[in-house]
Amino acid sequence: VTITTRLLVSHLSGIRHYEKDIAKVKEEKEKANRALKPTKPHQDKEQREGKGFEKTDSAKPRKEHDGETKSRNSKPGRRDKEFEQEEYYLKEKFESVIESLKIFKNDPLFFKPGSQFLYSTYGFTLLSAVVERAAGQKFTDYMLKMFRDLDMLSTVLDDNEAMIYNRARCYVYNKKGRLVNAPYVDNSYKWAGGGFLSSVGDLLKFGNALLYSYQAGQFKSSAGKLLPGYLKPGTVSMMWTPVPKTEVSWDRDGKYAMAWAVVEKQQQCGCCRQQRHYASHTGGAVGASSVLLILPEELGPGTGGAPPRGVIVTIVCNMQSVSLNSTALKIAREFDREKRAQ
């Protein structure tokens, strides 16, 4: 079979996630689909899986882009099944992303690439190996340079041995419902899927850089006065365009795009519910949870000012299995409502 980078970035590759048993994966997906059936019209759904790099608060808890759980099921003492997977707790240190491929490279694909959606952290591990070969330098060096370009100076590798200023402690509830320190893990086997530490401020810079790049091309009258975006407008638009055959378990209005969950603008009839366009991603790791949501402002004739224009919400929590997506959306809508009222 052929696996392209586009299949990897949209989780259509067929490469497994942490669970090795495809029968259990199918069973969990069926349960998730049943849980997504709305009990009330337009009810906001809680989130289950999770962003491209690890997110943390100003004290920088460690974070990953996969596996956020539904908060209503995350009672103290009750562990989410995904966090029962042994590979979440690997302690082995890998010297390169190429070396870490050995974890899954000999495992069978769960389905023909392009035919189904399966969220896969290991798909992003393979993607990081592609980036490393294409860039001609270590993936981690390439990413750290990018973070410096974006002025994300608090975003660093989650290296257990390094002394990192303000690194937060991470916490979990044990089986007895008591708050305890998160267990030791080494995330060098999945840098792309959850191996970076960051801060709320840096994530806002990241969101603003994307939103600026997305909107810069729409300010044609001011194009001569604007610096170019970090990415081309068409690139961000492509990243935020839903991909067929994908799904998003934490937002029934959304589809998966390229490393982002996306909800498209939609309104079927006059005076009916208006669905705004926004992009988001959540994360869940051992001892941490997070979300980054970008709600672009709808630009029309006579729009004043310069990009970025919209609302960006990021929440990071040094606690495992905290659902944050619906909370971020409510915050974004509230700020957007206030801006419209002004």
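Residues numbered from 1 in each chain as written. Predicted model: local features only at pLDDT ≥ 70, side-chain atom pairs only at ≥ 80, totals over all residues. Heavy atoms only, no water.

Visitor: I keep staring at the overall build of the protein chain and nothing clicks. Help me out?
Guide: Counting its secondary structure elements, the protein chain contains nine helices and nine strands. Going through the 342 residues of the protein chain one by one, you find that 49% of them count as buried. Put simply, the protein chain shows about 17000 Å² of open surface, and 52% of that area lies on carbon and sulfur atoms. (Helix = DSSP H or I, 4+ residues; strand = E, 2+ residues; numbered from the N terminus. Buried < 20%, exposed > 50% of the residue type's maximum accessible area, 1.4 Å probe, protein only. Areas by Shrake-Rupley, 256 points an atom, 1.4 Å probe, with all protein chains shown as cover.)

Visitor: Got a minute to help me understand the pairing of strand β7 (residues 278–285) in this structure?
Guide: The element β7 is largely enclosed, with a buried count of eight among its eight residues. Where burial is concerned, the two faces of β7 agree: the one with Tyr 278, Ser 280, Thr 282 and Gly 284 and the one with Ala 279, His 281, Gly 283 and Ala 285 are both buried. Looking at chain direction, strand β6 (residues 261–263) and β7 are connected through three bridges and run antiparallel. When the sheet's bridge partners are listed, Val 262 is paired in β7 with Ala 279. Across seven bridges, β7 lies against strand β8 (residues 288–296) in antiparallel orientation. Following the sheet pairing, Gly 284 is matched in β8 by Ser 289. In this structure, the hairpin formed by β7 and β8 is closed by a connection of two residues, where Gly 287 is found at a positive phi of approximately 90 degrees. (Pairing = 2+ DSSP bridges.)

Visitor: Just to check I follow, could you spell out the confidence of the model for the protein chain for this structure?
Guide: Low pLDDT means the predicted atomic positions in that stretch should not be read closely. For the protein chain, the mean per-residue pLDDT works out to 85, and 84% of the residues sit at or above 70. A low-confidence stretch, residues 41–79 (pLDDT under 50), is modelled with 203 contacts involving residues beyond four sequence positions or located in other chains. (pLDDT = per-residue confidence, 0-100. Contact = heavy atoms within 4.5 Å.)

Visitor: How should I be thinking about helix α5 (residues 139–149) in this particular structure?
Guide: The periodicity of an α-helix, 3.6 residues per turn, causes residues three or four positions apart to be oriented the same way. Those residues of α5 lying buried are Phe 139, Thr 140, Met 143 and Phe 147. An end-on view of α5 places all buried positions within 95 degrees of arc, on one side of the element. Two residues or fewer after α5 comes Asp 151, characterised by a positive phi angle close to 65 degrees. (Arc of directions from axis to C-beta.)

Visitor: Just checking my understanding: could you explain helix α4 (residues 121–135) for this structure?
Guide: For α4, spanning 15 residues, the distance from its first C-alpha to its last is 21 Å, which sits close to the expected 21 Å at 1.5 Å a residue. Residues of α4 that are buried: Thr 121, Tyr 122, Gly 123, Phe 124, Thr 125, Leu 127, Ser 128, Ala 129 and Glu 132. In this structure, the buried side of α4 is in contact with α1 (5–9), α3 (97–100), α5 and α6 (191–194). You can read the cap of α4 off the contacts: a side-chain oxygen lies 3.4 Å from the backbone nitrogen of Tyr 122, and it is on Ser 120. (Expected span 1.5 Å × (residues − 1). Polar contact = N/O pair within 3.5 Å; in protein donor to acceptor, adjacent residues only side chain to side chain.)

Visitor: Explain the packing of aromatic side chains here, please?
Guide: One pass over the structure, following the stated rule, counts 11 aromatic pairs. Here the aromatic rings of Phe 117 and Tyr 256 are separated by 5.4 Å at their centres, their planes lie at 50 degrees, and the arrangement is tilted. Here Phe 117, found in the loop between α3 and α4, pairs with Tyr 256, found in strand β5 (residues 255–256); they are 139 residues apart in sequence, far enough to count as distant. Relative accessible area serves as the criterion here: at 4%, Phe 117 is assigned to the buried category. (Phe/Tyr/Trp six-rings, centres within 6.5 Å; stacked < 30°, edge-to-face > 60°.)

Visitor: Sorry, what's going on with the sheet that holds β8 here?
Guide: Within a beta sheet, neighbouring strands are joined by backbone hydrogen bonds and run either parallel or antiparallel to one another. Pairing within the open sheet is antiparallel, and its five strands lie in the order β5-β6-β7-β8-β9. Looking at the sheet topology across the chains shown, the edges are occupied by β5 and β9 (310–317). Most of the contacts of helix α7 (residues 200–216) go to β9, to which it runs at about 150 degrees, and overall it touches β8 and β9. The sheet strands contacting helix α9 (residues 325–341) are β7, β8 and β9, and the helix crosses β9 at an angle near 150 degrees. (Axes fitted to C-alpha atoms, helices over the stretch in contact; angles between N-to-C directions.)

Visitor: What should I look at first to understand the pattern of salt bridges in this one?
Guide: Pairing between side chains of opposite charge can happen when their charged atoms approach one another. Inspection of the entire model under this criterion finds 15 salt bridges. As a salt-bridge pair, Asp 151 and Lys 205 come within 3.1 Å of each other at their nearest N and O atoms. Linking Asp 151 in the loop between α5 and β1 (156–157) with Lys 205 in helix α7, this pair joins segments that are 54 residues apart in sequence. Judged by its relative accessible area of 34%, Lys 205 falls in the partly exposed class. Between Glu 298 and Lys 265 there is a salt bridge, with the nearest N and O atoms lying 3.8 Å from each other. Of this pair, Glu 298 sits in the loop between β8 and β9 while Lys 265 sits in the loop between β6 and β7, and the two are 33 residues apart along the sequence. (Salt bridge = Lys/Arg side-chain N within 4 Å of Asp/Glu carboxyl O.)

Visitor: So what exactly am I meant to see when it comes to the pairing of β8 here?
Guide: One face of the sheet, then the other: side chains in a regular strand alternate in exactly this way. Among the nine residues of β8, nine are classified as buried, and the element is accordingly described as predominantly covered. Burial along β8 is two-sided: Ala 288, Ser 290, Leu 292, Ile 294 and Pro 296 and Ser 289, Val 291, Leu 293 and Leu 295, pointing in opposite directions, are all buried. With eight bridges joining them, β8 and β9 adopt antiparallel strand pairing. Bridge pairing in β9 places Ile 294 opposite Ile 312.

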